[in-house]
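# Summary of structural features
Next come the chains, spelled out residue by residue.
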Amino acid sequence: MAKGTEASLMEIDNTKPDAMEQADKKFSINVLQLVKSAQMQHGLRHSDYTRYRRYCSARLRRLYKSLKFTHGRGKYSRRNINEATITEVRFLHVVLYMAERAWSHAMEKKTLPEGPNARQRIYLTGRLRKAVKWATLFAQLCAIKGDLRTSLEAEAYASYMKGTLLFEQEKNWDTALMNFEKARAFYEKLGKFGGLEDQVLYRARVEELEPSIKYCAHKVGRSSIQASELLNAEKMEGPAYDLFIAKLEAVMVEARTQQASSMEEFSLLGRRFPLKNAKTQVAIAKAQQLERNILNNAGESLSAEKKLAQFDKIFVAYHDARSCIRNDLVTAGDADNVKDDLSGLDKAISTVLSMRTVERNQLLISNAKSKLAKHRDEKSEKVTKPEELVRLYDLLIQSTADLCDLVNSGRDRTPEEVAFAEEYAIKSLAFRAERCFYLAKSYSLAGKRTEAYVLYRHARSLADEVVVKLQSANNSDQELIQELKALSINCRSNSCIEHAAGIAEEEKTQEKLTKGVSKISLKGVEKAEKFLLDNLDNYESAVGDPNSKGVARITPFPPAFQAVPCNPIVLDIAFNSIDFPSLEHRMKKDKKGIFSRLWGS
């Protein structure tokens, strides 16, 4: 008995070092990399929060089952995770994915097409509180069971969740700012260490936090940043911006309203029109802000697609302003002065719309020209054809003509309007020269040398005419003059090329005709037709010319008749001279009955 007790004590003593080692073990989790990879692979690359929430739920089920940490089959009883529970790193994963599931559920309600209603907003806030609760527990457990880097990442994650909750509640902006700045400080420190991939990831996270920090500072009043500067965040993409964009739009509306309140009139080409409707003022202020974003230095770095998107927003804003003006015209009554002012303002807004249409068409043409110069081996983008540029120039010339007609439609025109119309008339002539050049290029690619030569000459004459008009003008556009001079030189070189190519082709045509006439015979020798099956030993194409519609010469069809030998006729002349033996004794005899005997049958 004593020996058994001693043996059991020895076993207990042997297990103590293992238990102590398991308790003192520090786990390591790359929290940001784990979260980002899960988000990008399961829906958040396309802002699909429903898919990501379902992934978090499925991931939690797998973790519970693999850890044998279920909550009972019958009545549900939650098993809490604490310091003593964590024996491996997957328990920390459970807490992290609980926070992610609650956060993704809140974002799913936030990004509804029509926005969350009052009841959904209450539910959204509750889910964010759950996310903060699980993120705080995760940070506390990682501080005890995780290494130093894991603890810092968990603390940054919890600070981001707290800031997100306060950001959505729109209160305690100073506390939200403190949490976002705390998360940024942690990620900046972590970004100084680790591999290159980790540094890039942390730096991207810091850039995601910047708009939210600027917005909170703007609401607190610590920053003098304008709402227009926050507009650059609309170019960003990612899960961190979805909460921010909704707030940003509210700030932009507020800023435009303040700007519109100080806008008393709208001026264009020497004319001034009073603005009395608040909706018209806001719409015009929005359009002018978008125009400044394209024209400033930041707009130069925008891609063509984003600039086109900005133009679409400008068109929407000006159309809203014009609809408000026309509604005011309907309700203006009999006041002639008010009607004249509204009609002039409507004409001015239409003029600005036409000007932006011309600028948008010029942007499309410059984008198409950049693709025209690319090589055919680039498979990423479609190469522009000259015919597409001709079509774009047609639209540009039509837009310019409409703009000139709109400006010249008034009776008493101002000097600014006269100069503006003359300027765009000259530009229209320059656009015609460009269109003629690309039309000649399309004819050249089609092999029509004569038409291409004539069009190149005409394009050169138009370009030279525009250069003379621009040089004689007071405000000459030097950039346009240089472009037209280059176009003239290009037209001259291309016309020379077409001239030479046409002469060479004509000489070849004469040689072909001479050879063909010399081979003509008056006898009319028929050409022997050859078939593939008759010349299997010779390497000669029997399919024929691919450009011709002739039948392939494989075998003649229908096939010709062939002589077929008849079967021989066999005459049996010995049959009639043979005496065959009798076989009656071998035949079966029928038995006759009594009736057959009587009647002799």
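So, here is what we can say about the structure in this document. If you're wondering where the values come from, they're calculated on a predicted model, not measured in any experiment.

Next up on the list: the overall build of the chain. For the chain, the count of helices and strands is 19 helices and two strands. Within the span of the chain, comprising 601 residues, buried residues form 36% of the whole. A separation of at least 24 residues holds for 65% of the contacts in the chain among residues at least 6 apart in sequence. Accessible surface, the chain: about 38900 Å² in total, of which carbon and sulfur atoms supply 53%.

To continue, consider unusual backbone geometry. Positive phi values are uncommon outside glycine, yet glutamate 170 reaches one of about 55°. Relative to the elements of secondary structure, glutamate 170 occurs in the loop between α6 (148-169) and α7 (173-190). For glutamate 170, a relative accessible area of 48% gives the class partly exposed. One non-glycine residue, asparagine 172, adopts positive backbone phi at about 55°. Counting through the fold element by element, asparagine 172 comes out in the loop between α6 and α7.

Running from N to C, helix α16 (residues 415-445) and helix α17 (residues 449-472) cross one another at 160°; their axes reach a closest spacing of 8 Å. Considered as vectors, α16 and α17 are oriented roughly antiparallel to each other. In terms of crossing hand, the pair formed by α16 and α17 is left-handed. When grouped by side-chain class, the residues that make up the contact of α16 with α17 number 17 nonpolar, two polar and six charged.

The next point concerns helix α2 (residues 31-41). Every buried residue belonging to α2 is among Val31, Leu32, Val35, Lys36, Ala38 and Gln39, and all of these are buried. The arc enclosing the buried residues of α2, seen along the axis, measures out at 165°, which places them on a common side. On its buried side, α2 packs onto α3 (49-67), α4 (90-110), α5 (118-145), α6, α7 and α8 (196-220). Glycine 43 sits one or two residues past α2 and shows a positive phi near 115°.

Okay, the packing of helix α15 (residues 386-407) against α16 next. Where α15 meets α16, the axes come as close as 9 Å, and the angle between the chain directions of the two elements is 165°. The angle between α15 and α16 falls in the class roughly antiparallel. α16 is crossed by α15, and the crossing has left-handed handedness.

On to the pattern of salt bridges, then. A complete count under the given rule lists 21 salt bridges for this structure. Between glutamate 153 and arginine 149 there is a salt bridge, with its nearest N and O atoms 2.9 Å apart. Residue glutamate 153 and its partner arginine 149 are located together in helix α6, separated by four residues, close to a single helical turn. Residue classification places arginine 149 among the partly exposed residues on the basis of a relative accessible area of 31%. Note that arginine 184 is salt-bridged to glutamate 210, the shortest N-O span being 3.0 Å. You can see arginine 184 sitting in helix α7 and its partner glutamate 210 sitting in helix α8, a full 26 residues away along the chain.

With 18 residues, helix α11 (residues 278-295) should reach 26 Å at 1.5 Å per residue; the first-to-last C-alpha distance of 26 Å fits that figure. Among the residues of α11, those classed as buried are Thr280, Gln281, Ala283, Ile284, Ala285, Ala287, Gln289, Leu290, Glu291, Asn293 and Ile294.

Linking two cysteines covalently through their sulfur atoms gives a disulfide. All told, the structure shown has zero disulfides when counted by the stated rule. Here cysteine 436 stays unpaired: no disulfide links it, and the sulfur of cysteine 491, its closest cysteine neighbor, is 7.4 Å away. Relative accessible area serves as the criterion here: at 6%, cysteine 436 is assigned to the buried category.

Note that glycine 191 resides in the loop between α7 and α8. In this view, glycine 191 contacts Gln199 and Tyr202; residues no more than four positions away in its chain are not counted.

Moving on: the pairing of strand β2 (residues 271-274). Pairing analysis gives four bridges linking strand β1 (residues 265-268) to β2, with the strands arranged antiparallel. What sits directly across from phenylalanine 266, in β2, is phenylalanine 273. Linking β1 to β2, which pair antiparallel, is a turn of two residues; within it leucine 269 sits at a positive phi near 55°.

On to the packing of aromatic side chains, then. A complete count under the given rule lists 17 aromatic pairs for this structure. Ring geometry for phenylalanine 311 against phenylalanine 315: centres 6.4 Å apart, planes inclined by 35°, an arrangement best described as tilted. Of the two residues, phenylalanine 311 and phenylalanine 315 are both situated in helix α13 (residues 304-330); the distance of four residues between them amounts to about one turn of the helix. Since its relative accessible area comes to 5%, phenylalanine 311 is described here as buried. One residue, lysine 133, lies across the ring of tryptophan 134, its end atom 5.5 Å from the ring centre. A cation over an aromatic ring shows up here: arginine 205 above the ring of tyrosine 160, its NZ or CZ 4.4 Å from the ring centre.

Looking at the element boundaries, serine 444 is found in helix α16. Overall, serine 444 belongs to the buried group, its relative accessible area being 15%. Ignoring sequence-local partners within four residues, the contact set of serine 444 consists of Arg449, Ala452, Tyr456 and Glu498.

About the cut-offs
- Residues numbered from 1 in each chain as written.
- Predicted model: local features only at pLDDT ≥ 70, side-chain atom pairs only at ≥ 80, totals over all residues.
- Heavy atoms only, no water.
- Helix = DSSP H or I, 4+ residues; strand = E, 2+ residues; numbered from the N terminus.
- Buried < 20%, exposed > 50% of the residue type's maximum accessible area, 1.4 Å probe, protein only.
- Contact = heavy atoms within 4.5 Å.
- Areas by Shrake-Rupley, 256 points an atom, 1.4 Å probe, with all protein chains shown as cover.
- Axes fitted to C-alpha atoms, helices over the stretch in contact; angles between N-to-C directions.
- Parallel < 35°, antiparallel > 145°, perpendicular 65-115°, else oblique.
- Left-handed = near helix turned anticlockwise from the far one by under 90°.
- Nonpolar A, V, L, I, M, F, W, Y, C, P; charged D, E, K, R; others polar.
- Arc of directions from axis to C-beta.
- Salt bridge = Lys/Arg side-chain N within 4 Å of Asp/Glu carboxyl O.
- Expected span 1.5 Å × (residues − 1).
- Disulfide = S-S within 2.5 Å.
- Pairing = 2+ DSSP bridges.
- Phe/Tyr/Trp six-rings, centres within 6.5 Å; stacked < 30°, edge-to-face > 60°.
- Lys NZ or Arg CZ within 6 Å of the ring centre and 35° of its normal.

Functional significance is not addressed by these values, which are geometric in nature.
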